[in-house]
Structure formats: structure tokens, C-alpha cells
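An overview of the molecular structure
The chain contents come next:
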Amino acid sequence: MTGINRVLRALATTAAALLALTAAAPGAVARPEPKAPPEFVDLHSVDPTIITEMRYTTAHNFMGEPVDGYRQPVCILTRPAALALRTAQRSLLRQGYSLKVYDCYRPQRAVDHFVRWAKDLDDQVMKDEFYPHVDKTRLFEDGYIAEKSGHSRGSTVDLTLVQLPAVPTRPYEPGEDLAPCYAPQGERFPDNSVDMGTGYDCFDTLSHTEDPRVQGEQRANRQLLKGTLTGLGFVNLAEEWWHFTFKPELFPETYFDFPVARRSVAGH
């Protein structure tokens, strides 16, 4: 055997050994992403007329960046919650309105992202819009951020009403001037929803569904949304006019962590 052949054979043997070690190394094989149980569905497959604006897939939220676990702008819910929204939508369409969802199922990894952000007191990029009156040091104490969310159980949805015909909402441009979420509707970030008195995810007491300062058309819009949904089994969170949970929950004690993506509910 020539010297060159011996060198080539030694290199080949070394390369093969390295490949074998890599294949056997812990973590070398990627773990498959968890999928949703069969009780979960894509809301669009149940009612394609409900408008979807999944804020956490975008930078237009209180953190100013897309949230971990939100891969695609799809609303995933337990089937009973989705069917109840379909019934609500049929009623609202006859009145000239449509539901619009902002958030549905939320993976635990997204909640963990919220918690990390809340603990970073230097990051206040979106304060002027989403929490102008709230000191970031109080987000946990005041209940705006928590380490667990009912959204992760799959039967909670954040939503609003849109008067038909719906006008598209323009995209948010990162770095643009921010207006307080409680400002008059014409001064807030433009949203094609009806006037609810505040924008979505507004960390302010004006977001309380029954806040007495909210009157007139704004109060009537909140009552229309709440009355329609509570009559179908949804329970409103008193501190957030947009937040509703369908009862009884299929998974009242389980906090899921599969990603928000169509593949998570493929075939359901």
C-alpha cells in the first residue's frame, strides 16, 4: 500500500468514526414537535367567515416582537369553543357584524416569553401604547402577566367585533410613533374593529368590561359582544373586555405547549 493510500484510508476511517459519534450523541436527533390532541381544531375549518388577526405572530403587541411558539397566524381552539363561536358568528352576521379573533390557544412557551419580557425592566419599547400608566415593575402584582395562562388550556379566546363590510387593518411598522391604547379611537393605532373604548391588550383599568367611564356606543359594543358570547357558554374576564373562556373546559388542568401552526391540528 502506498503512503498516499494509507493516508486516505486513515482519513476515511476517522471521518466514519466522527459520523458515528455524532449520530449517537444525545440530542443529535431532533425531537418531534408536540401536536395538539384531536379535540383541538383550526377555527377557520369550523367557520371561515370569522376574521383572524393573530397579533402575537407580529411585532404589534406589548412586547414589540413576535412571540415564541406562534409559527402561523392560525386560531386553534378546542372543538366545543370553536363550534360556539360559529353559532355566535351566525347571529352577528345577521346584525351586520363579524367576530375578529386576536388570540386563541397560547402555548406555554409563549407565556414563558411574556414572563422573561416582564422581568426585563429595561425593555419598554411598547410602553407608550400598551401600558402608559402602569409601571413595569407592577405587571405581575397587578395581574397583567402571570406564569400560567388559561389560553394554554385551549378554550380561551381574545376577540372583538367588526362592522361589515370589513376594512383591512394596515400593518404595524416597527418603530412608528405610538399612541396610548386608551386614546380616542381616531388617535389609537387604526383597527377595523368597532370602538370598544380601548385597543386590544390595553394594560389599563379602562379595559375592565364594566368600567363606568365607558359609556354610549363603546359600552353598547362591549355589551353586544359579551351578551352574544355569554349566552352560548362563554365567561368573560372582568378585567379584559376581549377575553372569554368557554365553559366547561375540556382541559381545565392542562397547559399545552404545542406550537401555533396548522400542522399542530392537521387532520383534526
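A few points about the pairing of strand S4 (residues 97–103)
- Across the seven residues that make up S4, a large majority, seven, are buried.
- Pairing between strand S2 (residues 51–52) and S4: two bridges, direction parallel. Looking at S4, one finds that Thr 52 is bridged to Val 101.
- In the sheet, S4 pairs with strand S5 (residues 156–163) via six bridges, with the strands oriented antiparallel. Paired with Asp 103 across the strands is Asp 158, a residue of S5.

Examining the packing of aromatic side chains
- According to the stated counting rule, one finds 21 aromatic pairs in the structure shown.
- Note on Trp 117 and Tyr 131: the rings are 5.8 Å apart at their centroids and 85 degrees apart in plane angle, and the pair reads as edge-to-face. Separated by 14 residues along the polypeptide, Trp 117 in helix H4 (residues 108–119) and Tyr 131 in the loop between helix H5 (127–130) and S5 bring together distant segments of the chain. An identical accessibility class is assigned to Trp 117 and Tyr 131; each is buried.
- Clustering of aromatic rings is evident, with ring pairs tying together Tyr 56, Phe 62, Tyr 70, Phe 114, Trp 117, Tyr 131, Tyr 144 and Phe 203.
- Seen from the ring of Trp 117, Lys 136 lies directly overhead, with NZ or CZ sitting 3.9 Å from the centre.
- Directly above the ring of Tyr 255 sits Lys 148, whose terminal nitrogen or CZ lies 5.1 Å from the centroid.

Section: the state of the cysteines
- A complete count under the given rule lists two disulfides for this structure.
- Ordering the disulfide-forming cysteines of the chain by sequence position, one finds them joined as 1-2, 3-4.

Here's the deal with unusual backbone geometry
- With omega at 0 degrees, the peptide bond leading from Leu 164 into Pro 165 counts as cis.
- Take Pro 165: it is sitting in the loop between S5 and helix H6 (216–230).
- Residue Pro 248 follows Lys 247 across a cis peptide bond; omega there is -5 degrees.
- Its place among the elements puts Pro 248 in the segment after strand S7 (243–246).

As for the pairing of S5
- Burial analysis of S5 places seven of its eight residues in the buried class, the great majority of the element.
- Two strands pair when backbone bridges link them, and S5 and S7 are joined in this way by three bridges, in the antiparallel orientation. By the bridge assignment for S7, Val 157 is matched with Phe 244.

Points about H4
- Between the first and last C-alpha of H4 there are 17 Å, a value that for 12 residues agrees with the 16 Å anticipated at 1.5 Å per step.
- Counting buried positions over the 12 residues of H4 gives nine, a clear majority of the element.
- Residues of H4 that are buried include every one of Gln 108, Arg 109, Ala 110, Val 111, His 113, Phe 114, Val 115, Trp 117 and Ala 118, and no others.

What about the side chain of Arg 109?
- Relative to the assigned elements, Arg 109 resides in helix H4.
- Beyond its immediate sequence surroundings of up to four residues, Arg 109 is in contact with Glu 33, Pro 34, Asp 68, Gly 69, Arg 71, Asp 257, Phe 258 and Pro 259.

Considering the sheet that holds S2
- Overall, mixed pairing links the five strands, which are arranged S2-S4-S5-S7-S6 in an open sheet. Two strands close off the open sheet at either side, each with one partner strand: S2 and strand S6 (234–236).
- Relative to the sheet, helix H3 (residues 79–94) contacts S4, S5, S6 and S7, its axis offset from that of S4 by approximately 145 degrees.
- Along the sheet, H6 makes contact with S4, S5, S6 and S7, crossing S5 at roughly 130 degrees.

Cut-off values and rules
- Residues numbered from 1 in each chain as written.
- Predicted model: local features only at pLDDT ≥ 70, side-chain atom pairs only at ≥ 80, totals over all residues.
- Heavy atoms only, no water.
- Buried < 20%, exposed > 50% of the residue type's maximum accessible area, 1.4 Å probe, protein only.
- Helix = DSSP H or I, 4+ residues; strand = E, 2+ residues; numbered from the N terminus.
- Pairing = 2+ DSSP bridges.
- Phe/Tyr/Trp six-rings, centres within 6.5 Å; stacked < 30°, edge-to-face > 60°.
- Lys NZ or Arg CZ within 6 Å of the ring centre and 35° of its normal.
- Disulfide = S-S within 2.5 Å.
- Expected span 1.5 Å × (residues − 1).
- Contact = heavy atoms within 4.5 Å.
- Axes fitted to C-alpha atoms, helices over the stretch in contact; angles between N-to-C directions.

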